[in-house]
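# A look at the structure
Given next are the chains, with one letter for each unit.
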Amino acid sequence: MTPERPDPDALLRKVQDAEAREKRAKLKVFFGASPGVGKTYAMLSEAHERKAMGIDVVIGVVESHGRSETAALAEGFETVPACELPYRGIFMKEFDLEAAKQRRPHLILMDELAHTNVQGSRHDKRWQDVLELLDAGIDVFTTLNVQHLESLRDVVAQITGIVVRENVPDTVVERADEVELVDLPPEDLLQRLREGKVYVPDQARHAIDRFFRKGNLLALRELALRQTAQNVDAQMRRYMASEGIQKTWGAGDRLLVCVGPHELSVRLVRATRRLAATLGGSWVALYVETARHQRYTADDQARIEAHLRLAEQLGAETAVIEGGISIGPDILRFAQEHNITKIVVGKPARSRWREMLKGSLVDELIRGSGDIDVFVITGDRGEEASRPALAPRAREPWTTWLWAVLMVAAASGLGSLLFRPSELADIVMIYVLGIALVAARHGRRPSLLASALSVAAYDYLFIPPYHTFAVSDFRHIGTFGILMFTGWLIGTLTERIRQQARLARLREQRTAALLRLSKELAASAGSMELVESAIRSVAAQFHTEAAVLLPDANRRLTALRKAPAFTFTDQELGVAQWVFEHGEPGGRGTATLPGAKATYLPLRASGGIVGVMGVLPKGEAQWTEPDQRSLLEAFASQTALAVERLDLADRNEEARRRMDEEQLRTTLLSSVSHDLRTPLGAITGAASTLLEQAEAIPEATQRELFRSILDESKRMHRLVTNLLDITRLESGAVTVKKAWTPLEEVVGLALNRMEEALAGRQVNVDLPVELPLVPLDEVLMEQVLVNLLDNAVKHTSAGSPIEVRAWSTGSSVTLVVADGGPGLAEGDEERIFSKLVRGSRHGSEPGAGLGLAICRGIVEAHGGRIQAANRSQGGAQFLVTLPLEGPPPGLPAEYEEGAE
Amino acid sequence: MTAGPLVLVIEDEAQMRRFLRAALESHGFRFLEAVTAQEGTALVTSHNPDVILMDLGLPDLDGLELTRRLRDWSATPIIVISARGREEDKVRALDAGADDYLTKPFGTGELLARIRVALRHQEGATDTKSGAVFETPLWRLDQGRREVSVQGTIVHLTPLEYKLLVILVRHAGKVLTHHLLLKEVWGNASAQPHYLRVYMAQLRHKLEEDPARPRYFITEPGVGYRLRWP
């Protein structure tokens, strides 16, 4: 026999699993059959051993319950200080999860895994604290009694008659790397109890006395032993499977349990959980939602939700599907689609005739199950009593009943008018028509009334003896029956059609809502808009207030947009942050931080959690119903995808911008290095010539060389200045210091600065005296004019005049620099203002193509506009338009001394 | 006395010092140089220079602060050297007591003009004072008669225009900050700065040949005004 060769993928997974286990924090559970067996003591003893090994051990919680041995053992450990939470006016001490995480010990001791935290703590239950500690990489020792194990709850209740309120999901114990059974024979335990070594709170004395009976203790011990054995067995099987020793089970069982509002569902869920654990398979809890769902009372709907949540806690996947009138085929379809091997259903005790009449789901399932096994668990009488009560149907308005009566009257009238009393068959047809019409218009119950009335009227009017309800011919009774049955049948059928239509409408509404949302989200351009439309849609669909929180660069959430009723206290933000970090729902209506005002859902996209959606119910919490909840989750995931899409788009945009910038920088660098080298070359050449051969050069030439050194230096200075300017403009380092200034002043500045370059040029300045003061920064605007004049000089022949004109429109002032050169090439009007772009007709004049870009930068920083155009008489002109921003503050009137 | 005026240059860049030394010594100035503010202060104490040329960006102390400290005990004219685009620095230095500034890069001509103006004000600050007559090729101010004439023709100035002109003339050749002019003419430094610009434009229209290309009333962008002289 050859050993089975393990699948390579499985091997890899095994290695990865082993690594993950090695890395992840370890959980050890000290498991006992009942209080008093010495779990805490055992835990502390082992903790001492660990500490002696040099491991950093701290106490999170240890309840010594006044037992001196335990208390003594607890000494010598550091304890995480408890926090105090206000609860009903008094302060309760509670384990401080955050402090423990901050402290980051290697190992922490957390007594009483099943403990329920004081309200206001982050989590409802201590086991959730423990999971978070493990997630944070801290090893945990904890203690647990068998009766607190969720799946054994019923069994324990059956044995002891005590319903345990504090439960721990089995998955937590399964997550444990080690489960140590702390065992004490019942005799010894009772002995300890008598000696007062077991902590018993006074108020619970009676219950405790009932609890600590030998029979109970024996049973509990057996349960604990069995549970431990099961754990060990599971571990061994896992080991065997992972080591490829033997294939232990086939493809793996997948169980399906159907839940409803019925109390029996709880038992079904627990039983399935046990079965799944024994078989080592996964399981799914399913609720089939029919039109009837809408008519369940709020309590029933809450119960369905609770049952699904219980299943989730016990490690099931949950699903809610929509079903038709008969849910059997829907369940079977789901089972086939999800590779279910076993279906667990409940069979509420029903009377036999009812079952015969309506058929039973169980039979239907068994008939259609094919190779799927069906397990049936029968409810007992007590559970039957709590059969879900349907909310009364919406009452038909009284007019429908009236219609039924009128319709029968009309049918009777028509019958008697058209037919002779002997044509009974035709008359019956008239009545059937009437019943059908009532059924079609008003539903089943009015149609039943119509049937009954029809029978009565038919008998009274058309069956001899006439005008009595007596029947002479016995065969007519059969006709009555047929009439009655037909009415019922038509009514029932139309009722079904109506239900299905209602369901379809409901589904359609849901689909439409989602479609609307995704359309809106797709149309949103920015994250603000997107978030707003998401909030709007959620608010409209669920009648809630909503908020969306997105993380900033440091992954701290900030409320990007919120409905006005949403107020974010630190606490609410903390809950949202927790949800963001852990990717699980939190806040109101969930198991984590239920004290929060709102519910928070993670926005989970393909790349991870992108944010958090907060939902604050207005009045009644509608979205806690499963269908609303699943729709809300769908909304959240749609929003998440949209946020992610936008984020990606932003990042793309950013990347492209960076590439463009990079490209520009490269161009700038090459252009600048050329423009810098040219004057540098001239300077170096001239200076070295002068230095080495001064004697050989005639004085006139020497002067020429000196002149060229000076000119080239100035050119370099201009270029460097431009470069600095453009850099400062682009980085936003330029602040525009506007002051009310006469344009003449700026023009004067620029003309003076350009004096040398303009020498011999005709410059016509035409500035009307009535020009208003313009708010501008003279340093920057001088630069604009200098650049424009410089361009005019460079691009035109030496003799052509340059014009500087200005006019005011009242709200703005336009300054024009015009030349008589060749003008701009077509298409250059806009292009030349771009960085590093030079006009198509530029000559051999050097220049980096920065001047006009700087002009535009400066003018736009002033809130103005710069344009280029060709003049009709030839040449180019540049128009700088600056806004006036209202009139300047007036000058105080000046009174002249001795004014005439 | 054959020795020319003593110029102290406080500048940390060796190339600049070399250029300044060459330019100044060849024009008959005596030259003294310091690399740091500390060194400079010591030289001011020990040599009592006639003019101080100071770079605003010194390695050990901000030029602005040095100006303030020197002004506590010395009246020696200070000309600060700074780069373009640092107008605020210039204004602050001037307000802290510097007499003038030079913007890098500058030529020898500009340098000498500034030094001469500073020296002239230092030596005979009285010769442009009240009662004196100030004359340019185009116009003439007779303070004794409170009269301004352009090429022989009397020009009427409003009292504020006249006041502004007198202050510019008193500091002829020197840069005057907006702040200082507003305080001197309007008696209120927080007066609207555009008053000054409007009056300056009026002066130009009355006393310049081409107000769009002023020869005398020069704008120092971002800093203030200067009456070009000579």
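Reading the values: the criteria
Residues numbered from 1 in each chain as written. Chains lettered and ligands numbered in written order. Predicted model: local features only at pLDDT ≥ 70, side-chain atom pairs only at ≥ 80, totals over all residues. Heavy atoms only, no water. Helix = DSSP H or I, 4+ residues; strand = E, 2+ residues; numbered from the N terminus. Buried < 20%, exposed > 50% of the residue type's maximum accessible area, 1.4 Å probe, protein only. Contact = heavy atoms within 4.5 Å. Areas by Shrake-Rupley, 256 points an atom, 1.4 Å probe, with all protein chains shown as cover. Core = buried A, V, L, I, M, F, W, Y, C linked by side-chain atoms within 4.5 Å. Axes fitted to C-alpha atoms, helices over the stretch in contact; angles between N-to-C directions. Parallel < 35°, antiparallel > 145°, perpendicular 65-115°, else oblique. Left-handed = near helix turned anticlockwise from the far one by under 90°. Nonpolar A, V, L, I, M, F, W, Y, C, P; charged D, E, K, R; others polar. Salt bridge = Lys/Arg side-chain N within 4 Å of Asp/Glu carboxyl O. Phe/Tyr/Trp six-rings, centres within 6.5 Å; stacked < 30°, edge-to-face > 60°. Pairing = 2+ DSSP bridges. Buried area = accessible area lost by both parts, 1.4 Å probe. Polar contact = N/O pair within 3.5 Å; in protein donor to acceptor, adjacent residues only side chain to side chain. 1 Å grid on protein atoms, 1.4 Å probe; cavity = no way out; pocket = protein on both sides within 12 Å on 5 of 7 lines; lining within 4 Å. Points joined across faces, edges and corners; volume = space filled by probe spheres on them. Expected span 1.5 Å × (residues − 1). Patch = residues over 30% accessible without salt bridge, like charges linked within 9 Å, V, L, I, M, F, W, Y side chains within 5 Å.

Within chain A, the regular secondary structure consists of 28 helices and 25 strands. Looking at chain A as a whole, 44% of its 900 residues are labelled buried. Residue pairs in contact within chain A that sit at least 24 positions apart in sequence constitute 69% of those at least 6 positions apart. Carbon and sulfur atoms make up 55% of the accessible area of chain A, which amounts to about 46,300 Å² in all.

So, on to the overall build of chain B. Across its full length, chain B holds 8 helices and 12 strands. Looking at chain B as a whole, 54% of its 230 residues are labelled buried. As presented, chain B carries roughly 10,200 Å² of accessible surface, and 49% of it is formed by carbon and sulfur atoms.

All names here are of chain A. Within the largest apolar cluster, 59 residues are counted, with the highest numbers of intra-cluster contacts made by Ile108, Leu109, Leu133 and Leu144. Those residues in contact with Leu133 that sit more than four places away from it in its chain are Phe95, Leu97, Ala100, Lys101, Ile108, Met110, Ile138 and Val140. Counting 50 residues, the second-largest nonpolar core is a separate cluster that includes Leu668, Val763, Val793 and Leu850.

Here we take up the packing of helix H11 (residues 264–279) of chain A against helix H12 (residues 298–313) of chain A. Residues and elements named next belong to chain A. At their nearest, the axes of H11 and H12 sit 10 Å apart, and the two run at 15° to each other. Relative to H12, the element H11 lies roughly parallel. H11 and H12 meet at a crossing whose hand is right-handed. For the pair H11 and H12, contact is made by Ser265, Val266, Val269 and Arg270 and by His307, Leu310 and Ala311, respectively. Considered class by class, the residues forming the contact of H11 with H12 number 4 nonpolar, 2 polar and 1 charged.

The next point concerns the pattern of salt bridges. Between side chains of opposite charge, pairing is possible as soon as their charged atoms come close. Residues and elements named next belong to chain A. Evaluated as defined, the whole model comprises 50 salt bridges over all chains. The salt bridge partner of Arg122 is Glu98, with a shortest N-O separation of 2.7 Å. Remark: Glu98 occurs in helix H4 (residues 97–103) and Arg122 occurs in the loop between strand S6 (107–110) and helix H5 (126–135); sequence separation between them is 24 residues. The class of Arg122 is partly exposed, set by a relative accessible area of 24%.

To continue, consider the packing of aromatic side chains. Applying the stated criterion across every chain yields a total of 13 aromatic pairs over all chains. Consider the rings of Phe30(A) and Phe141(A), whose centres lie 5.5 Å apart with planes at 70°: the pair is edge-to-face. You can see Phe30(A) sitting in strand S1 (residues 27–32) and its partner Phe141(A) sitting in strand S7 (residues 139–145), a full 111 residues away along the chain. Comparing Phe30(A) with Phe141(A), the two get one shared label, buried. Judged by centre distance (5.8 Å) and plane angle (10°), the ring pair of Trp139(B) and Phe217(B) falls under stacked. Of the two residues, Trp139(B) is situated in strand S7 (residues 139–142) and Phe217(B) in strand S11 (residues 217–220); the sequence distance between them amounts to 78 residues.

Residue and element names in this part refer to chain A. Strand order in the open sheet formed by 5 strands is S11-S10-S9-S12-S13, and the pairing between neighbours is parallel. Here the strands that pair on one side only, and so sit at the sheet edges, are strand S11 (317–322) and strand S13 (373–378). Ignoring strand direction, the axes of neighbouring strands in this sheet form an average angle of 25°. Strand direction decides the pairing type here: strand S9 (residues 254–258) and strand S12 (residues 342–347), joined by 3 bridges, are parallel.

Let us now look at the interface of chain B and chain A. Each partner contributes residues to the interface: chain B has 31 residues there, and chain A has 32 residues. Summed over both sides, the interface of chain B with chain A buries roughly 2,700 Å², with 52% coming from carbon and sulfur. Where chain B packs against chain A, one counts 3 salt bridges. Of the charged contacts, one joins Arg215(B) and Glu755(A) as a salt bridge, the two residues approaching to 3.3 Å between their closest N and O atoms. The interface formed by chain B and chain A holds 8 residue pairs in polar contact (both at pLDDT 80 or more) in total. Of all the secondary-structure elements, those providing two or more residues to the side of chain B that touches chain A are helix H4 (87–95), helix H6 (159–170), helix H8 (193–207) and S11 of chain B. For the side of chain B that touches chain A, the leading source of residues is H8(B), giving 8 residues. Residues of the side of chain B that touches chain A, tallied by class, amount to 13 nonpolar, 9 polar and 9 charged.

What follows deals with empty space enclosed by the protein. Gaps left between atoms are located by rolling a probe of water-molecule size over the structure's atoms. Residues and elements named next belong to chain A. One pass over the structure, following the stated rule, counts 3 cavities of 30 Å³ or more. Quantified by volume, the largest cavity comes out at close to 50 Å³. For the largest cavity, the full set of lining residues is Ala33, Ser34, Val37, Val182, Asp183, Leu184, Pro185, Pro186, Leu189, Leu217 and Arg221. Contributing elements (two or more residues each) for the lining of the largest cavity: helix H8 (186–194) and helix H10 (214–242). Looking at the lining of the largest cavity residue by residue, the class counts come to 8 nonpolar, 1 polar and 2 charged.

All right, on to the sheet that holds strand S25 (residues 876–883) of chain A then. Residues and elements named next belong to chain A. The strand order across the open sheet built from 5 strands is S20-S22-S23-S25-S24, with neighbouring strands paired in mixed fashion. Strand pairing shows two members of the sheet lacking a second neighbour, strand S20 (763–766) and strand S24 (865–870), which therefore form its edges. This sheet shows a mean twist of 15° between the axes of neighbouring strands, independent of strand direction.

With an omega of -10°, the peptide bond running from Lys104(B) to Pro105(B) counts as cis. With respect to the secondary-structure elements, Pro105(B) resides in the loop between strand S5 (100–104) and helix H5 (108–123). Although it is not a glycine, Arg104(A) adopts a positive phi angle of roughly 50°. Within the fold, Arg104(A) resides in the loop between H4 and S6. The backbone of Arg146(B) shows a phi angle near 50°, a positive value even though the residue is not glycine. Within the secondary structure, Arg146(B) is located in the loop between S7 and strand S8 (147–150). Residue class for Arg146(B) comes out exposed when judged on its relative accessible area of 52%.

Tracing the chain through its elements places Gly732(A) in the loop between helix H24 (699–731) and strand S19 (739–741). Spatially, the C-alpha atom of Gly732(A) lies 10.0 Å from that of Gly857(A), the residues being 125 residues apart in sequence.

The subject of this paragraph is the packing of H24(A) against helix H28 (residues 851–861) of chain A. When two helices pack together, their arrangement is given by the angle between the helix axes and by the axis-to-axis distance. All names here are of chain A. Where H24 contacts H28, the two axes come as close as 10 Å, and the packing angle between them is 40°. As H24 packs across H28, the resulting crossing turns out to be left-handed. Together, Asn722, Asp725, Ile726 and Leu729 of H24 and Gly851, Ala853, Ile854, Gly857 and Ile858 of H28 make up the contact between the two elements. Partitioned by chemical class, the residues of the contact of H24 with H28 number 5 nonpolar, 3 polar and 1 charged.

What sets the pattern is the α-helix's 3.6 residues per turn: residues three or four places apart point alike. All names here are of chain A. With 16 residues, helix H21 (residues 527–542) ought to run about 22 Å at 1.5 Å a step, and its terminal C-alpha atoms sit 22 Å apart, in line with that. Taken residue by residue, H21 has Leu530, Val531, Ser533, Ala534, Ile535, Ser537, Val538 and Phe542 as its buried positions. His543 lies just past H21 and shows a positive phi near 55°.

With that settled, consider a nonpolar patch on the surface. All names here are of chain A. A cluster of nonpolar side chains, contributed by Trp398, Trp401, Leu402, Trp403 and Leu406, occupies part of the molecular surface with about 550 Å² of accessible area. Among the secondary structure elements, Leu406 is positioned in helix H17 (residues 398–418). We classify Leu406 as partly exposed; its relative accessible area is 45%.

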